[in-house]
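Examination of the molecular architecture
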Amino acid sequence: MLGTALLLILGMSIVAFIVGRASGRRFLRASGSSIHSLPSYHGLFVAVWVGVPALVLVLLWAALSGTIVDSLLLASLPDSMTTGVTGAGLDLVLSEIKNVAAGLLFGEPRPEIVEAAARLNRWDALAGWAMVVVVFALMIVAFAVARTRLAPRFRARNAFERWLSGLMIAASVGAILVTVGIVVSLLVESLAFFRMVPIGEFLFGLNWEPQMPIRADQVAGLGAFGAVPVFLGTIVIATVATLFAAPVGLFTAIYLVEYASERVRSVVKPVLEVLAGVPTIVYGFFAVLTVAPAIRSTGNSLGLAASPNSALAAGVVMGIMLIPFISSLSDDALRAVPRSLRDGSLAIGATRAETVRKVMLAAALPGIMGGVLLAVSRAIGETMIVVMAAGLIATLTINPLDSVTTVTVQIVTLLIGDTAFDSPKTLAAFALGLVLFLTTLLLNVIALRIVNRYREKYD
Amino acid sequence: MEQLVAPTSKMGVDVRHTGEAGTTEIKVSAQNVDVFYGEKHAIKGVSVNVPARSVMAFIGPSGCGKSTFLRCINRMNDTIEGCKVTGNIRLDDRDIYDANLDVVELRARVGMVFQKPNPFPKSIFENVAYGPRIHGLVHGKADLDAIVEQSLRKAALWEEVKDRLKEPGTGLSGGQQQRLCIARAIAVNPEVILMDEPCSALDPIATARVEELIDELRQNYTIIIVTHSMQQAARVSQQTAFFHLGILVETGSTEFIFTNPHDQRTQDYITGRFG
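Below or above, wherever it landed, is the structure these notes cover. Please read these numbers as outputs of a predicted model, since none were measured by experiment.

**As for the state of the cysteines**
All names here are of chain B. Taken as a whole and assessed by the stated rule, the structure comprises zero disulfides over all chains. We note that Cys83 lacks a disulfide partner, and the nearest cysteine sulfur, in Cys72, lies 6.5 Å from it. Its sulfur unpaired, Cys181 is 12 Å from the next cysteine sulfur, which belongs to Cys199.

Structural data, given as C-alpha cells:
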C-alpha cells in the first residue's frame, strides 16, 4: 500500500507539473513579457503543492497506523487473554498474532489468536486503502487550490524558492535531530549506569572487571567498574600512535612541500592516499600477524618481556594509519605559508632547512597542531585495529610492551554475547562511550579552533 | 671615461650607453645573461655593469624581465623550478654561478627587499635578528642588541619601534613593515641590496620615507632598484637601465636617459607613449 501511495504521489506530481507549466505557457502567449515567472516555475509550484503535503501525510500515516491498529487489536481481544498481563506479556501476544498473520506458524496457535490474526490482516488492508484514498483526496484539493493561485503576475518562482529553502531547512534540522537523538540515548543509558555504579567510582576507580553474572546460574566475578586502567590503555596506545605518526607525517609533508620535485610528488602523494584508503581491519591483520610478533621477538632478543599483543604493536600500526592524515593536513598548512616569507628567508641567505625550521614551521605551527590533535582524536576513537591487536585485560600500566585494553575494545566486548540491558555490565559500555564522545568532541573543538584562527591570519 | 656596457651583446642586439659613469669601481658585472623559464626565453643577452655605492634603477614596461634579471643577481631564480640562467654575472670579479660558490654566502652579500613587505610572523626584534643569527655574526645578547638597533637606525625605523621590539612585525603599518624588511636585509651587512619595486604597496608618504632611506643607504651599499615609477627612478637613482621584451635597450646615467635617450623605444616609454 505504501508503494502504491508513493507511486501515486509521483505520478500526480508529474501531472501537476505538466498542467502548471501549460498554464504558465498560456499566460506567456496571452500577455507576452509581462509574466512574472517562467512557465516551468508555475509547473514546479503546482507540483510541490500536490506532492509535498501528500508525502508528509503518507510518512506520518505509515509511522502512526501501526500503533493505532495494535491498540485496537488489543482492545478487541477477549478479556481472558489480557487481564493480568502487562507490558512485555502483551508485546508477546501481539508478536504472536503478527507472526500468524504473516503466515509464520509455530505449532498450533490458540483459536483466539488465529481469529485476531485474520482481524489484523483485514484492518491492515483497510488502513492501507484508507490511506491511498485520503492521500488522493488531499492531492486533488491541493491541486485545485494551487491552480486557482496561478496568474500571469503570480510570483511562482519566489513561492517555489520558499518551498525549496523549507526543504533544505528540514533536511538540516533532521540531521541535527538525529545527532541530538544519539547523544540523548547515550546520556539516558549512561545515567541508568550511574544509578547502579557511582560516577566517582567509574571515573577514578583503578579496577576494571566488568564481567559479572547476568543470570543466577552464571559463574563470574563480582564486577568492578573503575575505568582508569581502560582510559590509561587508550592513552598509551594513542600516545604511541601519535609519537610515531606525527614526526613521520610532518617530515613527509616538509619533504613534499619543500624538497620533492614535481615527479616525486606525483608518485608519493597517490601512494599516501592509498595508505589512507586501507580499511582499518586490514591494518588490524598487519598488526596481529606482522608487527606484534616482530616486536615480541625483538623484545625477547633484547631481554625485554614483550606481551604478544603489546600496546606498542597496536600503537605503531595505528600510527601508520594516521601518517597520511597528519601529512596531508601539515602539507596544507605548509603550503598556506605565503611564498614571500619563504623567499624573504632564502634571500637573507638562510638554507632550506633553516627556512623550514625557523619560518615555515613557525608560521604553519597552528595548522600542524590542529592536524595532530585531529589525528589524536581519531586514534582515541579508533576501534578495529585495537580490537584485533590490543589485549582484553585492563592493566594499570604505562609500559608499551605490556598488553593493555582500550575504551573501544571494552565497549565491543561488553556488548558481545549474552546481554541484558538492565545490568551494569552492559550499561557500562554506554558510560564509556559517553566519556569517549566527550573527549574526542573536546579535542576536535580545540583542534578546529586552532586551525581556524590560523586560517584567518593569511587569507 | 668608463666603458659601462659591452657595445654589442651575443644576441646581436645593439645596446648603447649614454653619458658618463659617476664612479669607477664596478660592483656587479653581467655579460650576455639569458634566462629561460622552461621554453620561455625571458631575458635575452643582457650585459650591464653596476657601479659600487650608487643606486641603479631598472625600468621598463610590465613583463619586460627587469625583476627576473634582478633575481639572477642573488640567484633567487634558483628557487623556481624550470628556470635556467646562462651567461656570466660577477660580483667583485667573482662568478656567482661558479659551482664552488656557496649560494648562502652570496645571498648574505647580496640582500633583497621584495615588492610586498614580507616580515616574518615573529617579533620586530626577531625579524632583524634572524639574519645575524643564522650567519653566526653575533656573540652574545649585547652584540645582537647592538646589531638590531644599528640596523633599525639605518632603516630609519628605530625611533618608531624602540619601545615595542617584542611586538609582532606583522602589526606595523605597510611602510614600517617595508623599512623593517630593509633593516632585516642590512642586518647581515650586505654589499649589494636588490629592491624589487619596494614602494609599489606603499602610500605616497611611506614611499617618500623609503626613497629618502635609499638615498642615505647609497653611502655604504650598492643598490639596484626595480621600479615602475619613472619619477622614482629619476629621484633615487644615478644610473638607469631600460628593459623592453627581455632585452636591455639602453643604459646610462639617469640624467642622460631621462633627458636625452638614444633609442626611440626609451624615448617612447619615458614620454609615456607605451608601458
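**Observations regarding helix H10 (residues 280-301) of chain A**
Residues and elements named next belong to chain A. With 22 residues, H10 extends 30 Å between its outermost C-alpha atoms, agreeing within 8% with the 32 Å of an ideal straight helix rising 1.5 Å per residue. At Ala287, H10 is deflected by roughly 40 degrees, the largest bend along its length. For H10, the secondary structure elements touched by its buried residues are helix H9 (262-277), helix H11 (311-335) and helix H14 (384-389).

**Some words on the interface of chain A and chain B**
Every contact between the two is made by 21 residues of chain A and, on the other side, 24 residues of chain B. Contact between chain A and chain B buries roughly 1700 Å² in total, counting both sides, with carbon and sulfur atoms accounting for 61%. Put simply, A:Asp343 and B:Arg71 hold a salt bridge, and the shortest N to O gap is 4.0 Å. Top element by residues in the side of chain A that touches chain B is helix H12 (residues 339-348) of chain A. It accounts for nine residues. Partitioning the side of chain A that touches chain B into residue classes produces eight nonpolar, seven polar and six charged.

**Here's the deal with the packing of helix H8 (residues 228-259) of chain A against H11(A)**
Working note: a packed helix pair is described by the angle between its axes plus the distance between those axes. All names here are of chain A. Relative to each other, H8 and H11 sit at 35 degrees, their axes nearing to 6 Å. As for how H8 packs across H11, the hand of that crossing is right-handed. Looking at the contact of H8 with H11 residue by residue, the class counts come to 23 nonpolar, six polar and two charged.

**With respect to the environment of A:Thr397**
Residue and element names in this part refer to chain A. Position of Thr397 relative to the elements: it lies in the loop between H14 and helix H15 (407-414). Sequence-wise, Thr397 and Leu232 are 165 residues apart; in three dimensions their C-alpha atoms are separated by 7.5 Å. Thr397 has contacts with Leu232, Val236, Asp402 and Val404, leaving out every residue within four places of it along the chain. Polar side-chain contacts of Thr397 include one of 2.9 Å to the backbone nitrogen of Asn399.

The rules behind these values
Residues numbered from 1 in each chain as written. Chains lettered and ligands numbered in written order. Predicted model: local features only at pLDDT ≥ 70, side-chain atom pairs only at ≥ 80, totals over all residues. Heavy atoms only, no water. Disulfide = S-S within 2.5 Å. Helix = DSSP H or I, 4+ residues; strand = E, 2+ residues; numbered from the N terminus. Expected span 1.5 Å × (residues − 1). Bend = angle between axes of the 7 residues up to and from the residue. Contact = heavy atoms within 4.5 Å. Buried area = accessible area lost by both parts, 1.4 Å probe. Salt bridge = Lys/Arg side-chain N within 4 Å of Asp/Glu carboxyl O. Nonpolar A, V, L, I, M, F, W, Y, C, P; charged D, E, K, R; others polar. Axes fitted to C-alpha atoms, helices over the stretch in contact; angles between N-to-C directions. Left-handed = near helix turned anticlockwise from the far one by under 90°. Polar contact = N/O pair within 3.5 Å; in protein donor to acceptor, adjacent residues only side chain to side chain.

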